[in-house]
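# Structural description and commentary
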Amino acid sequence: QVQLVESGGGLVQAGDSLRVSCAASGRTLSSYVMGWFRQAPGKERVFVASISKSGSTTVHADSVKGRFIISRDNAKNTVYLQMNSLKPEDTAVYYCAAHPGGTVVLTIGNIAYWGKGTLVTVSS
């Protein structure tokens, strides 16, 4: 069992940067492939980024590629999502997710643990 707690969300302007964090407790984070998903108002939850257990491999959705960077610090049991050049369409609740297997291809169906989410609002 692992508990995930997101933090760092807030209200920013278009073009700003923001970093959200996900702190894990209960089990060591290095046992999981980690990822971020987001859910905009009235829309489905979608994949944003993932990172392998060692941190050597990352995947980013096309919509955020070149602007967002996922990283992890296993010693701190924390995963980060650095978001740059934010756009109003990035407005969403951002969820941290953990997958115990080896693939970095994350879908809603293969997530074992979810955080409760942190709201990011980007104003134009």
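Residues numbered from 1 in each chain as written. Predicted model: local features only at pLDDT ≥ 70, side-chain atom pairs only at ≥ 80, totals over all residues. Heavy atoms only, no water.

### Here we look at the sheet that holds strand β8 (residues 78-83)
Taken together, four strands build an open sheet; the order of strands is β1-β3-β8-β7 and the sheet is antiparallel. Of all the strands in the sheet, just β1 (3-7) and β7 (68-73) have a single pairing partner and so form its edges. With strand direction ignored, the average angle separating the axes of adjacent strands in the sheet is 15 degrees. Looking at chain direction, strand β3 (residues 18-25) and β8 are connected through six bridges and run antiparallel. Looking at β8, one finds that Arg-19 is bridged to Gln-82. (Pairing = 2+ DSSP bridges. Helix = DSSP H or I, 4+ residues; strand = E, 2+ residues; numbered from the N terminus. Axes fitted to C-alpha atoms, helices over the stretch in contact; angles between N-to-C directions.)

### Points about the pattern of salt bridges
Taken as a whole and assessed by the stated rule, the structure comprises three salt bridges. Among the ionic pairs, Asp-90 bridges to Arg-67, the shortest N-O distance being 2.8 Å. Of the two residues, Asp-90 is situated in the loop between β8 and β9 (92-99) and Arg-67 in the loop between β6 (58-60) and β7; the sequence distance between them amounts to 23 residues. We classify Asp-90 as buried; its relative accessible area is 1%. When salt bridges with common partners are traced through the structure, they connect Arg-38, Arg-67 and Asp-90 into a single cluster. (Salt bridge = Lys/Arg side-chain N within 4 Å of Asp/Glu carboxyl O. Buried < 20%, exposed > 50% of the residue type's maximum accessible area, 1.4 Å probe, protein only.)

Geometry only, nothing functional implied.
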